[in-house]
Each structure stands twice: as C-alpha cells, then as structure tokens.
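Observations on the model geometry
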Amino acid sequence: MERADYERLRWRCIRRALLELDIALTRFLDNGFAKLSEEQQQVFVEMADMEDHDLWYLISGQAESEDPRYLPILAAIRES
C-alpha cells in the first residue's frame, strides 16, 4: 500500500463516531497492519468502510462475522 493510501486509511480509522473504534483501529494500524498480506490489507480497508456499530460489534465479539476473510483480521485487531 502506498503511503498516501495508508494516510487516507489512517484518517478514516481515526475519524470514527465511536472512540473505542478509533482506538482499536489506530492501535492496529500502528502495530499490526504492516504484518498483513496485501489481500488481508484490502479486507481491512473493506472493513474500515463498515458502519461504526456493526464493526464495533465484530471487534468486541458481540457479533460473529459471516465473512471468513474477516476472522483473522478481527483476531489480530483484538490482540493489538
């Protein structure tokens, strides 16, 4: 991912309606995003486009993802 694309993604992760989501996503960007494969990075970008409450429910474990591509990324976000 090019630097400009990464910065736009970071801005989208920071400017969320839920503070908890801001913290979880930016912490993961800083500590785990670079470790993802290119395909997983694209899935993360897709997840970042989700509605705040839907994404928070997935990250916090209050809901289960029906998309198996999300599972390793959710696990990594929870660990970060």
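Look above for the structure.
Residues numbered from 1 in each chain as written. Predicted model: local features only at pLDDT ≥ 70, side-chain atom pairs only at ≥ 80, totals over all residues. Heavy atoms only, no water.

Topic: helix H5 (residues 70–79)
Among the residues of H5, those classed as buried are Tyr-70, Ile-73, Leu-74 and Ile-77. All buried residues of H5 project into a common sector of 100 degrees when viewed along the axis, lining one side. Looking at the buried positions of H5, the neighbouring elements they touch are helix H2 (19–31), helix H3 (38–48) and helix H4 (52–60). (Buried < 20%, exposed > 50% of the residue type's maximum accessible area, 1.4 Å probe, protein only. Helix = DSSP H or I, 4+ residues; strand = E, 2+ residues; numbered from the N terminus. Arc of directions from axis to C-beta. Contact = heavy atoms within 4.5 Å.)

A short note on H4
Three- or four-residue spacings in an α-helix give side chains the same orientation, since the helix completes a turn every 3.6 residues. Considered for burial, the residues of H4 that qualify are Asp-52, Leu-55, Leu-58 and Ile-59. Seen end-on, H4 carries its buried residues on one side only, within an arc spanning 135 degrees. Turning to H4, the residues buried within the fold contact H2, H3 and H5. Phi turns positive one or two residues past the end of H4, at Gly-61, with a value near 85 degrees.

Observations regarding the environment of Ser-60
Relative to the elements of secondary structure, Ser-60 occurs in helix H4. Note: C-alpha distance between Ser-60 and Leu-21 (39 residues apart in sequence) is 9.5 Å. Polar contacts involving the side chain of Ser-60 include one to the main-chain carbonyl oxygen of Trp-56, which spans 2.8 Å. Side chain to side chain, Ser-60 and Gln-62 meet in a polar contact 3.0 Å long. (Polar contact = N/O pair within 3.5 Å; in protein donor to acceptor, adjacent residues only side chain to side chain.)

A word on the pattern of salt bridges
Tallied over the entire structure, the rule returns seven salt bridges. With a closest N to O distance of 2.9 Å, Arg-3 and Glu-7 form a salt bridge. One end of the pair, Arg-3, and the other, Glu-7, are both in helix H1 (residues 3–14), four residues apart, so they sit about a helical turn from each other. Given the relative accessible area of 59%, Arg-3 is considered exposed. (Salt bridge = Lys/Arg side-chain N within 4 Å of Asp/Glu carboxyl O.)

Topic: the packing of H1 against H2
Put simply, H1 and H2 touch, their axes get as near as 8 Å, and they point 155 degrees apart. As far as their axial angle goes, H2 and H1 are roughly antiparallel. Listed contacts from H2 to Tyr-6, Leu-9, Arg-10, Cys-13 and Ile-14 of H1 are Asp-22, Leu-25, Thr-26, Leu-29 and Asp-30. The residue inventory of the contact of H1 with H2, partitioned by class, reads six nonpolar, one polar and three charged. (Axes fitted to C-alpha atoms, helices over the stretch in contact; angles between N-to-C directions. Parallel < 35°, antiparallel > 145°, perpendicular 65-115°, else oblique. Nonpolar A, V, L, I, M, F, W, Y, C, P; charged D, E, K, R; others polar.)

Some remarks on the side chain of Asp-22
On the secondary structure map, Asp-22 appears in helix H2. Lacking a salt bridge, the buried Asp-22 has Arg-16 as its closest oppositely charged neighbour, with an N-O distance of 5.6 Å. Apart from the residues lying within four places of it in its own chain, the contact partners of Asp-22 are Cys-13, Ile-14, Arg-15 and Arg-16. (Lys, Arg positive; Asp, Glu negative; His and termini not counted.)

Remember that the coordinates give geometry; whether it matters functionally is a separate question.
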